[in-house]
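For reference, the chains in residue letters:
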Amino acid sequence: MEDEVSKHFLNNNRRQFIKKLGLGIGGLAAASMLDPFSSIVEAEGSPLAGMNLPHFAPKAKRVIYLFQSGGPSQLELFDYKPLLDKMRGQDLPDSVRQGQRLTGMTSGQDSFPLVGSQFKFNQYGESRAWVSDLMPYTAKIVDELCFVKSMHTEAINHDPAITFFQTGSQQAGRPSIGSWMSYGLGSLNDNLPTFTVLLSRGTGRPLAQPLYSRLWGNGFLSSLHQGVQFRSGKDPVLYLKDPEGMTRSERRKMLDHISELNEKQEREFGDPEINSRIAQYEMAYRMQTSVPDTMNIEDEPDHILQMYGSNAAIPGTYAANCLLARRLVEKDVRFVQLYHMGWDQHENLPSQIEKQAKDIDQATAALIMDLKQRGLLEDTLVVWGGEFGRTNYSQGTLTDTNYGRDHHPKCFTMFMAGGGVKPGFTYGETDDFGYNIAKDPVHVHDLQATMMHLMGIDHTKFTYKHQGRRFRLTDVSGHVINDLIS
């Protein structure tokens, strides 16, 4: 009881009093019906007060992040290394490995036989970018793409590596990048979530590691900014529909009564999460009409469905999610996160990665070209990539037709398109073995800093004070890679 009383008086300090006097819970509720974020963001005491976001004119307004969970092999897709074919079966030289750590899955191997890709590479477009036969549709649009071949990360296992890319920390609990964008830049559409999430499971390795909802969590930010998962099936957003037998008007009355109860609780404790709760209820009410309209692809012409591929009409597939991503950014959703699982090819890589690439190749290219033909690519940043790359040596036994690759965090490839990045451009190089970076390294925090810069945010100034420390997505490092920006 004493703790509750102490909390009551601590929360009802001068700042809370002024906030209530100027806004009032009724004003917050009314404002949330128009913009669920504005009243919260602009309230006195908000950590955003005085940040003046965006810090400068953005090149991108929206982001579609196509995260390839599991670690796609750069050596099979984009990083052509003919030396590995010539040295096939020979042991990785110590002078190249340089004592770098290995996972427990290959650290016990007696040898590390080098293996090149079984798939052919060619150069495409005016940019002459190297792409393998696995990605024929992507090969046609290389002049729209900005490749980064010198990505590197610190984590060597999936969970910390994915968490690092999504939150800027290998430890769980920090806000995801989409939550940071939602918090800093707010909503562009009052009837849809600012940050949405779509999941698909690849056919290359359909029983791959699962993903956890904390990857799109809000961490210590307001729960307003957590990602909202859109699912396949008749209920794309859970708990959105009215209970059976309840009319729309009855739902409205129920929300009004709940707001009255929340108002009383806010007067007692001044908990800012109560304001978030009200805004979430109001957003859910509006989403009852906006979400079904967005998810319904019946108005899409046949040539668009064909453009994305035969799976575009199958809910829950990568192709269907790419089409939904375009529909979402067309409605000005700020941040759309796609996760495609199944890229973890430790064994049977040739057969698995061929299926995995087929899942994503046509739809990824279609999404980028569809955005372009609608005039959306210019201010929509598309990012494609996984949490790390794969080794240049075989995990397990190397045969004439089969091999696997272990995790490799020291160098891998990602690409971007639109949103102010240079088209038809390749940045960074790896050595002839595809094991170390030879030129222009790009760290995870560098990529995050560059993405934020394209959205008009100075990553060093965009912070949130929590438990006595100012946190940011890029922690205490990261540099904007200006050479990637057009």
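Reading guide: rules and limits
- Residues numbered from 1 in each chain as written.
- Predicted model: local features only at pLDDT ≥ 70, side-chain atom pairs only at ≥ 80, totals over all residues.
- Heavy atoms only, no water.
- Helix = DSSP H or I, 4+ residues; strand = E, 2+ residues; numbered from the N terminus.
- Buried < 20%, exposed > 50% of the residue type's maximum accessible area, 1.4 Å probe, protein only.
- Contact = heavy atoms within 4.5 Å.
- Core = buried A, V, L, I, M, F, W, Y, C linked by side-chain atoms within 4.5 Å.
- pLDDT = per-residue confidence, 0-100.
- Salt bridge = Lys/Arg side-chain N within 4 Å of Asp/Glu carboxyl O.
- Axes fitted to C-alpha atoms, helices over the stretch in contact; angles between N-to-C directions.
- Parallel < 35°, antiparallel > 145°, perpendicular 65-115°, else oblique.
- Left-handed = near helix turned anticlockwise from the far one by under 90°.
- Nonpolar A, V, L, I, M, F, W, Y, C, P; charged D, E, K, R; others polar.
- Pairing = 2+ DSSP bridges.
- Phe/Tyr/Trp six-rings, centres within 6.5 Å; stacked < 30°, edge-to-face > 60°.
- Lys NZ or Arg CZ within 6 Å of the ring centre and 35° of its normal.

Can you break down the overall build of the protein chain residue by residue, with the values?
Assigned secondary structure in the protein chain consists of 16 helices and 17 strands. The 486 residues of the protein chain split such that 55% are buried. Counted over contacts in the protein chain with a minimum sequence separation of 6, partners at least 24 positions apart contribute 79%.

Give me the lowdown on the nonpolar core, citing residues and values where you can.
Counting 53 residues, the largest nonpolar core has I64, L66, V336, L338 and W384 as the members making the most contacts within it. The leading source of residues in this core is helix α15 (residues 349-373), at 10 residues. Counting residues in hydrophobic clusters, the runner-up holds 50 residues, among them M181, Y183, V197 and Y427.

Outline the confidence of the model for the protein chain, listing residues and values.
Mean pLDDT for the protein chain: 87, with 79% of residues reaching 70 or above. Here residues 4-45 is a poorly scored stretch, pLDDT under 50, and it has 61 contacts once near neighbours within four places are set aside; other chains count.

Any chance you could break down the pattern of salt bridges for me, citing the residues and the numbers?
For the structure shown, the criterion picks out 17 salt bridges. The closest approach of N and O atoms between R390 and D344, which form a salt bridge, is 3.0 Å. Taken together, the positions of R390 in strand β9 (residues 389-390) and D344 in the loop between β7 (335-341) and α15 put the pair 46 residues apart, joining distant regions of the chain. Across this residue pair, the class does not change: R390 and D344 are buried. Two residues, D370 and R374, come together in a salt bridge whose shortest N-O distance is 2.7 Å. Through salt bridges with shared partners, a single ionic network connects D299, E300, R326, R327, E330, D370 and R374.

Give a detailed account of the packing of helix α14 (residues 318-330) against α15, specifying residues and quantitative values.
Remark: α14 packs on α15, axes separated minimally by 8 Å, with the N-to-C direction vectors making an angle of 15°. On the basis of the axis angle, α14 is roughly parallel to α15. Both α14 and α15 take part in a crossing whose hand is right-handed. Two secondary-structure elements touch here, α14 through Y318, A319, C322, R326 and V329 and α15 through D359, I360, A363, T364, L367, D370 and L371. Grouping the amino acids of the contact of α14 with α15 by side-chain chemistry returns 8 nonpolar, 1 polar and 3 charged.

Mind laying out unusual backbone geometry, listing which residues take part and the relevant values?
The backbone of N348 sits at a positive phi, close to 50°, despite the residue not being glycine. Its place among the elements puts N348 in the loop between β7 and α15. Classification of N348 by relative accessible area gives partly exposed; the value is 33%. In this model, D475 sits at a positive phi of 60°, which is unusual for a non-glycine residue. Within the secondary structure, D475 sits in the segment after β17 (469-471). The class for D475 is partly exposed, based on a relative accessible area of 24%.

Help me get a handle on the environment of G204, residues and values and all.
Secondary-structure assignment places G204 in the loop between β5 (195-201) and β6 (228-230). Taking the C-alpha atoms as reference, G204 lies 8.9 Å from L349; in sequence the two are 145 residues apart. The residues contacting G204, other than those within four sequence positions of it, are G342, Q352, K355, Q356 and D359.

Please provide a residue-by-residue account of the pairing of strand β8 (residues 380-385), values included.
The two faces of a sheet get side chains in turn, since along a regular strand they alternate between them. Counted residue by residue, β8 has 6 buried out of 6 residues, so it is predominantly covered. Sheet topology places strand β1 (residues 62-69) next to β8; 6 bridges connect them, and they run parallel. Within β8, the residue paired with V63 across the bridge is L381. Where β8 and strand β11 (residues 412-417) come together, 3 bridges link them in antiparallel fashion. Bridge assignment links V383 to a residue of β11, and that residue is M416.

Can you explain the pairing of strand β2 (residues 121-124)? Please cite residues and give values.
Bridge count between β2 and strand β3 (residues 129-132): 4 bridges; the pairing is antiparallel. From the neighbouring strand, F121 faces β3, where its bridge partner is S132. Remark: 4 residues form the turn of the hairpin made by β2 and β3, two consecutive strands paired antiparallel; G125 in that turn has positive phi of roughly 70°.

Please provide a residue-by-residue account of helix α16 (residues 444-454), values included.
With 10 of 11 residues buried, α16 is to be regarded as a mostly interior element. Looking only at α16, the buried set comprises V444, H445, D446, L447, Q448, A449, T450, M451, M452 and L454. Count one or two residues on from α16 and you reach G456, which has phi positive near 90°.

For helix α9 (residues 158-167), give the residues involved together with the corresponding values.
For α9, the tally of buried residues reaches 8 of 10 residues, placing the bulk of the element in the interior. Taken together, the buried positions of α9 are H158, A161, I162, T163, F164, F165, Q166 and T167. After α9 finishes, the residue G168 shows a positive phi value of roughly 85°.

If you had to explain the side chain of S132 to someone new, which residues and values would you point to?
By secondary structure assignment, the location of S132 is in strand β3. Classification of S132 by relative accessible area gives buried; the value is 1%. When near neighbours in sequence (up to four residues on either side) are disregarded, S132 contacts E76, L77, K120 and F121.

Describe the packing of aromatic side chains, with residues and values.
Taken as a whole, this structure holds 23 aromatic pairs when the rule is applied. On the numbers, 4.5 Å between centres and 35° between planes, the contact of Y80 with W130 is tilted. Note that Y80 is positioned in the loop between α5 (74-77) and α6 (82-86) and W130 in strand β3, a separation of 50 residues in sequence. For Y80, a relative accessible area of 30% corresponds to the partly exposed category. Ring geometry for Y183 versus F462: centroids 5.8 Å apart, planes at 15°, classification stacked. Linking Y183 in helix α10 (residues 177-185) with F462 in the loop between α16 and β16 (464-466), this pair joins segments that are 279 residues apart in sequence. The same class applies to Y183 as to F462, namely buried. Ring pairing ties together the aromatic residues Y65, F67, F165, W216, Y339 and F412, which thus form one cluster. Looking at K140, its charged tip hangs above the ring of Y137, at a distance of 5.2 Å from the centre.

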